[in-house]
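# Observations on the model geometry
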Amino acid sequence: MSDRIFGLIGLLLAVFYAWQGTLIQESFIQDPVGPKAFPYIIATVLGISSLVFIVKPDPAPQWPVFGRFFEIGVSVAVMVAYALALPEAGFVASTAVAAAFLSWRLGAHVLAAAGAGAAISVGIYTIFHLVLGLSLAEGPWGF
Amino acid sequence: MDVLSSLADGFSVAITLQNLLLALLGCFLGTVIGALPGLGPSNGVAILIPLAFTLGLPATPALILLTSVYYGAMYGGRISSILLNIPGDEPALMTTLDGYPMAKKGQAGEALALSGIASFVGAFFATWGLVFLAPQLVKVALLFGPAEYFALFTLAFATLGGIASRNQAKAAFAAALGLGISTIGVDGQTGVPRFSFGEVHLYDGIDFLVAIVGLFALSEVFVFLEHHHGAADADSSKMKIGRVTPPISMLKKTAGAMGRSTIIGFVAGVLPGAGASLGSFLSYSLEKKISDRDRTFGTGDPRGVAAPEAGNNAAAGGALVPMLALGVPGSGTTAVLLAMLLALNITPGPLLFQQNPDVVWGLIAALFIGNVMLLLMNIPMVSIFVRVLLIPPKYLMPAVAMISFVGIYGISGSSFDLLVMIGFGVIGWFLRKLDVPLVPVILGVMLGDQMEKNLRRAMTISDGDWTALVASPLAMGLWAFALLGFVAPLLFGRLFRMKKREEDVGD
């Protein structure tokens, strides 16, 4: 069943991609096949392989239970928040929080996770910024 | 022999204090990365590319650092296979079959030392193979025109699913997905934006480094979150090593196995779509067929440790041949190495050998140096690397995720790239669940631009006549191979997989 749904999504993607392809503005500089031909070929391959999934699906993989799904979702949300927070709060603070969260969700005790988060953040900052001179995001406090 | 004099020039490039130190650092990091479960050659090197790139290392030193990591990771994968029965990376899977039983018999140190020597033998001779074979391939590749290149790229994608692929449609889907992603952004030939939905950030296209780190490294973090492996700690009581030098008699007994496996591994590495996993698998199976007279394989036979290790390291060297000479990688790890070259603004292929011989031969010399360093490092220092296994994933994986973010943020300093990377991580996790291979996606993102360019160039030359793609005998040959490579797994794949499963459970 998973493969059928995946095939359907793939098929929609192929159609969407081909449709977007038709919208490409042609330029006055032109080569014989133009900017649309290659996308059409790709859309065809995408579409055909998606049809194969629908016609001949593999056995479904073992999906995690809902709770786990939710957990991965929350972790993704934390990473997104991290990406957006970086320029605002600076590298050290945001990284400590994000790393602590991930470590906690991977099974560390809350206190241990908080310590790990701080250690990872300061460790990366020391090695990559202070020693190697890589520029990391600067927050209101300059680190 | 102009090959040898080029190689000598390469050594003069590689032997500077800075480069030697970088090689040493790379070997050490690589072994650690290979040893850690959840980090292998592909995602380990993937995380380091953006870092090497943002640190502003010049091309040759950066290459030396990263290839040392690549070879080092190939060495490191065996440590957890032998001690914990968990392969540190995919090619090290076959090493668990005899390595772990040896460790259980109290011969862990011997198994580690023997596999280190076997790795050295495999990698050393494969690098010689690279030295002599790559320039020959370059001569052929110089005859390629745009139509032949287009056929060659198709060949690479068609065979990438490989003999071990479960589902060719999924490999094709993955390749098309990657190629589709590569068309995002302003079209290089006519200057019109494609698939960018008016988003300025997308005009430059999607950086393949963002895609690689997301698909390989972040999706691994999600896999760990899914299974909560984070809690599993390695048990230090299993880590008794014992003597770390193998007896001479054991080396004599395994010499034949190493020799045969090196050749098989090298050939498997050169062939497109095979790579190190197949190299180690074939070496082990063949060695079992030849030498297993007393049914000792699977119960801790030293030859069963030497064969797959020599095989996978030889394949790692062999896989560099098509990557350097044609610019078309045949496996996941070489795809990542290609990404590294492209990030450094070096396009591999026949012209590289003519225009930047210092880069090519410096790199090859670095492989030799790294190899010797790895051998010297791995025999006496193995107990240090073993400690690395004790780092629990619950602390390791967050660090991996954060270093990935640092690398990508360093490239452009924009949150947008980070969001795209997270997106790739999620897609990568779903694709892995659905058994869709990720390597064709990466390769599509990297090679899509070149593939299209060659197609359109060929069409411009022939003025829109599509039959030009199959006009020359060379192109026809490539198309035939591509077709064969795509269809053969459908016919033989079932047989091969059944055998592999037999081997996998046969411990």
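Residues numbered from 1 in each chain as written. Chains lettered and ligands numbered in written order. Predicted model: local features only at pLDDT ≥ 70, side-chain atom pairs only at ≥ 80, totals over all residues.

On to the overall build of chain A. Looking only at helices and strands, chain A has five helices and zero strands in total. Going from the N terminus to the C terminus, chain A shows its helices and strands as α-α-α-α-α. For 143 residues, the compact-globule estimate of 2.2 N^0.38 gives 15 Å, and chain A exceeds it by more than 25% at 23 Å. Referenced to the eigenvectors of the C-alpha coordinate spread, the extents of chain A come out at roughly 55 × 45 × 25 Å. Contacts in chain A between residues far apart in sequence, at least 24 positions, make up 60% of those at least 6 positions apart. (Helix = DSSP H or I, 4+ residues; strand = E, 2+ residues; numbered from the N terminus. Rg over C-alpha atoms; globule rule 2.2 N^0.38 Å. Contact = placed C-beta atoms within 7 Å.)

For chain B, the count of helices and strands is 21 helices and two strands. Counting the 507 residues in chain B, one finds 62% classified as buried. Put simply, 81% of the contacts in chain B that link residues at least 6 apart link residues at least 24 apart. (Buried ≥ 20, exposed ≤ 12 C-beta atoms within 10 Å, placed from the backbone.)

Okay, helix H18 (residues 393-412) of chain B next. Residue and element names in this part refer to chain B. For H18, spanning 20 residues, the distance from its first C-alpha to its last is 29 Å, which sits close to the expected 28 Å at 1.5 Å a residue. Among the 20 residues of H18, 17 are classified as buried, and the element is accordingly described as predominantly covered. Glycine 413 lies just past H18 and shows a positive phi near 65°. (Expected span 1.5 Å × (residues − 1).)

What follows concerns the environment of alanine 118 of chain A. Among the structural elements, alanine 118 of chain A can be located in helix H5 (residues 110-131). Along the primary structure alanine 118 of chain A and glutamate 88 of chain A are separated by 30 residues, whereas in three dimensions their C-alpha atoms are 18 Å apart.

A word on the domain arrangement of chain A. When the parts come together, some accessible area is lost, and that loss is often what is quoted as the size of the interface. When cut into domains, chain A gives domain 1 (2-55) and domain 2 (66-131). Computed over C-alpha atoms, the centres of domain 1 of chain A and domain 2 of chain A are 38 Å apart. (Domains from an automatic or database assignment.)

Let us look at the nonpolar core. Within soluble globular proteins, side chains that are nonpolar tend to cluster in buried spots. One finds Leu66, Ile212, Val213, Ala339 and Ile442 of chain B to be the most contacted residues of the largest nonpolar core, which totals 219 residues. At 18 residues, the largest contribution of residues to this core is made by helix H6 (residues 108-141) of chain B. Domain assignment of the residues forming this core places at least three in each of domain 1 (2-55) and domain 2 (66-131) of chain A. Sequence-distant contacts of leucine 66 of chain B, that is, excluding residues within four places in its chain, are made with Gly26, Val45, Leu48, Ile49, Ala52 and Met340 of chain B. (Core = buried A, V, L, I, M, F, W, Y, C linked by C-beta atoms within 7 Å.)

Further remarks concern the interface of chain B and chain A. With 52 residues of chain B in contact, the opposing surface of chain A contributes 56 residues. Counting only elements with at least two residues in the side of chain B that touches chain A, the list comes to helix H8 (168-182), helix H9 (208-227), H18, helix H19 (415-433) and helix H20 (439-462) of chain B. Among the elements that make up the side of chain B that touches chain A, the one with the highest residue count is H18 of chain B (twelve residues). Classifying every residue of the side of chain B that touches chain A by side-chain character gives 30 nonpolar, 13 polar and nine charged. (Nonpolar A, V, L, I, M, F, W, Y, C, P; charged D, E, K, R; others polar.)

This part is about helix H1 (residues 2-22) of chain A. Between its first and last C-alpha, H1 of chain A extends 30 Å over 21 residues, near the 30 Å set by a 1.5 Å rise per residue. Every buried residue of H1 of chain A is accounted for by Asp3, Phe6, Gly7, Gly10, Ala14, Tyr17 and Gly21 of chain A. With its buried residues spanning 100° around the axis, H1 of chain A presents them on a single face. H1 of chain A presents Leu12, Trp19 and Thr22 of chain A as exposed residues on the side facing more than 90 degrees away from its buried surface. For H1 of chain A, the secondary structure elements touched by its buried residues are helix H2 (37-55) of chain A together with H8 of chain B. (Arc of directions from axis to C-beta.)

Residue and element names in this part refer to chain B. Packing of helix H2 (residues 17-35) against helix H4 (residues 59-84) brings their axes to within 6 Å, and their N-to-C directions diverge by 30°. Both H2 and H4 take part in a crossing whose hand is right-handed. Looking at the contact of H2 with H4 residue by residue, the class counts come to 19 nonpolar, eleven polar and no charged. (Axes fitted to C-alpha atoms, helices over the stretch in contact; angles between N-to-C directions. Left-handed = near helix turned anticlockwise from the far one by under 90°.)

Our focus in this paragraph is the environment of lysine 170 of chain B. Residues and elements named next belong to chain B. Position of lysine 170 among the secondary structure elements: in helix H8. On the basis of neighbour counts, which here come to 23 C-beta atoms within 10 Å, the residue lysine 170 falls in the buried class. Each C-alpha atom of the pair lysine 170 and proline 437 lies 7.2 Å from the other, and the pair is 267 residues apart in sequence. What lysine 170 contacts, discounting residues up to four positions off in sequence, is Asp435, Val436 and Pro437.

What follows is about the packing of H2 of chain A against H8 of chain B. Their axes nearest at 9 Å, the elements H2 of chain A and H8 of chain B cross at an angle of 150°. Relative to H8 of chain B, H2 of chain A is oriented roughly antiparallel. In terms of crossing hand, the pair formed by H2 of chain A and H8 of chain B is left-handed. Residue-level inspection shows Ile42, Val45, Leu46, Ser49, Ser50, Val52 and Phe53 of chain A of H2 of chain A in contact with H8 of chain B, the latter providing Ala169, Ala172, Phe173, Ala176, Leu177, Leu179 and Gly180 of chain B. Tallied by class, the residues present in the contact of H2 of chain A with H8 of chain B amount to eleven nonpolar, three polar and no charged. (Parallel < 35°, antiparallel > 145°, perpendicular 65-115°, else oblique.)

We now examine the environment of tyrosine 395 of chain B. In this structure, tyrosine 395 of chain B sits in helix H18. With 21 C-beta atoms packed within 10 Å, tyrosine 395 of chain B lands in the buried category.

Attention now goes to unusual backbone geometry. Residues and elements named next belong to chain B. With phi around 70°, asparagine 345 is a residue other than glycine that occupies positive phi space. When you line up the elements, asparagine 345 lands in the loop between helix H14 (332-343) and helix H15 (350-355). Look at asparagine 345 and you get exposed, because 8 C-beta atoms sit within 10 Å. Here the phi dihedral of aspartate 435 falls at roughly 70°; this positive angle occurs in a residue that is not glycine.

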